[in-house]
Amino acid sequence: MKSTYKRRRFLHHFGQATIAVSGLTLASFDALSETLVSAEKKSGKSINQARKLGIALVGLGQYSEKQLAPALQETKNCRLAGIVTGTPEKIDKWKEKYNIPDKNVYNYLNFDSIKDNPDIDIVYIVLPNSMHAEYTIRAAKAGKHVICEKPMATSVKDCEAMIKACKDAGKMLSIGYRLHFEPHNMKMAELGKKKTYGKIKKVIAIDSQEIEAGAWRLDRERAGGGPLMDLGIYCVQGALYTVGENPVSVSAKEGEKTDINKFAEVEQSIDFQLEFPGGAVANCHTSYAEQGNTLRAEAEKGWFELDPAYGYDGLKGKTSQGDMDIENVNQQALQMDDFADCVANKKPTRVPGEMGLRDVKILMAVYEAARSGKPVPLKL
Ligand code: NAD
């Protein structure tokens, strides 16, 4: 129990370093943690003495309630300071649970007055996909830094407008790509980058989840598409950080619909293939009618994979040489702490709006390739 606490404290303080140290044994994590904590005590200084930056969550649905708000109880650089909701019945519960004062509670109409609230430094957009652009732009105009959930938006044009609005306001923009703070996934990136198993020939990326009828995720207007926008984006991300290159071409084929009513507006499933300049190909599959959660790389001298790969917890990795012995972490806490650190210390985020734009360009090209039945070249 004690060691788990120490490791967690270590990971929280040094989230940035997890990529570099993810190959360490748990014993060496403890030793390193001990050294750093005692250095902190000796100097009498905390590693980050700045005030915790205030985050306001916009949209209090599943992801805010079950993941982000609890993660904000574990962050060291930021805290849950405000909420923005269109559902008045949620307010009292959130205020009480997280000690949020009335002055930090907003609705979608008075949201813009958040500009006058010095408690809020960062606005985190956790709304249906088609609303990301409007709220990111309004938050930037209100003088706040922004974290926007994935997918960044439902069109390339919206992504560009969001980046411009944040630039014009002199504010930072990042995308909620939590897996860039997750050591299993970053191990995949490291093994790919270092060519530990030689040049990658093939990546297999699958992210599928069954969905209930009636969800906004099945509504083209609000979701921008089906499982590709919601889940397939993890396949795109996984393939790109594992191969370490941007793809140059994509081909795609939409799957058959077995439930024509549920999937009246969006695809039920889609297969797509990304081609990379170094010769690697990524075969990706995403569906709303089955389960699947894999990221696998096959290289000249071996293979490495995660299964499950993209969840919040319980991720597991293997290579052709054996199991990856890596601890699961609180991804959202590390992600938000890192962004708060970037804002406080004027450092670039590793998951900027430009990355969100790149991915939306790829998703749109996947749809175009499926529609036309022809490969679509990508200039990223
Ligand atoms: P959800 O349906 O649980 O919550 C959506 C929230 O938006 C609700 O509070 C709802 O009241 C509000 N809302 C406002 N206007 C709405 C409208 N017109 N239609 C529907 N809801 C409306 O969804 P969620 O799972 O919390 O997803 C929200 C966003 O977060 C999505 O963009 C999703 O892709 C993203 N997300 C990211 C992750 C991740 O791991 N990074 C995980 C889950 C969701």
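For the structure itself, consult the block above.
For the structure given in this document, a descriptive report is provided here. (Residues numbered from 1 in each chain as written. Predicted model: local features only at pLDDT ≥ 70, side-chain atom pairs only at ≥ 80, totals over all residues.)

1. So, the sheet that holds strand E11 (residues 292-299)
On the basis of which strands lie adjacent, the open sheet formed by nine strands has the order E14-E13-E12-E11-E7-E10-E9-E8-E15 and mixed pairing. Taken across any chain shown, the strands that pair with only one partner, and hence form the sheet edges, are strand E14 (322-323) and strand E15 (376-377). When E11 meets strand E12 (residues 302-306), the two strands line up antiparallel, connected through five bridges. Bridging across to E12, Ala-299 finds its partner in Gly-302. Contacts from helix H8 (residues 183-193) reach strand E7 (200-208), E11, E12 and strand E13 (317-319), with the element oriented near 160° to E12. Each of E7, strand E9 (269-275), strand E10 (281-287) and E11 is contacted by helix H10 (residues 227-243), which is oriented at about 155° to E7, the strand it contacts most. (Pairing = 2+ DSSP bridges. Helix = DSSP H or I, 4+ residues; strand = E, 2+ residues; numbered from the N terminus. Contact = placed C-beta atoms within 7 Å. Axes fitted to C-alpha atoms, helices over the stretch in contact; angles between N-to-C directions.)

2. Concerning the nonpolar core
Among the nonpolar cores identified, the biggest contains 102 residues, and Ile-55, Ala-56, Leu-57, Tyr-124 and Val-366 are the most heavily contacted of them. By residue number, the principal contributor to this core is H10, which donates 11 residues. The residue makeup of this core includes at least three contributed by each of domain 2 (53-177) and domain 3 (183-328 + 350-377). Among all residues touching Tyr-124, those that are not within four sequence positions of it are Ile-55, Ala-56, Leu-57, Val-58, Leu-68 and Ile-147. (Core = buried A, V, L, I, M, F, W, Y, C linked by C-beta atoms within 7 Å. Buried ≥ 20, exposed ≤ 12 C-beta atoms within 10 Å, placed from the backbone. Domains from an automatic or database assignment.)

3. Focus on the pairing of strand E4 (residues 122-125)
On E4, burial covers both faces: Ile-122 and Tyr-124 on one face and Val-123 and Ile-125 on the other are all buried. Here four bridges tie strand E1 (residues 53-58) to E4, and the two strands are oriented parallel to one another. Bridged to Leu-57 within E4 is Tyr-124. Of the strand pairs in this sheet, E4 and strand E5 (residues 145-148) are connected by four bridges, and their pairing is parallel.

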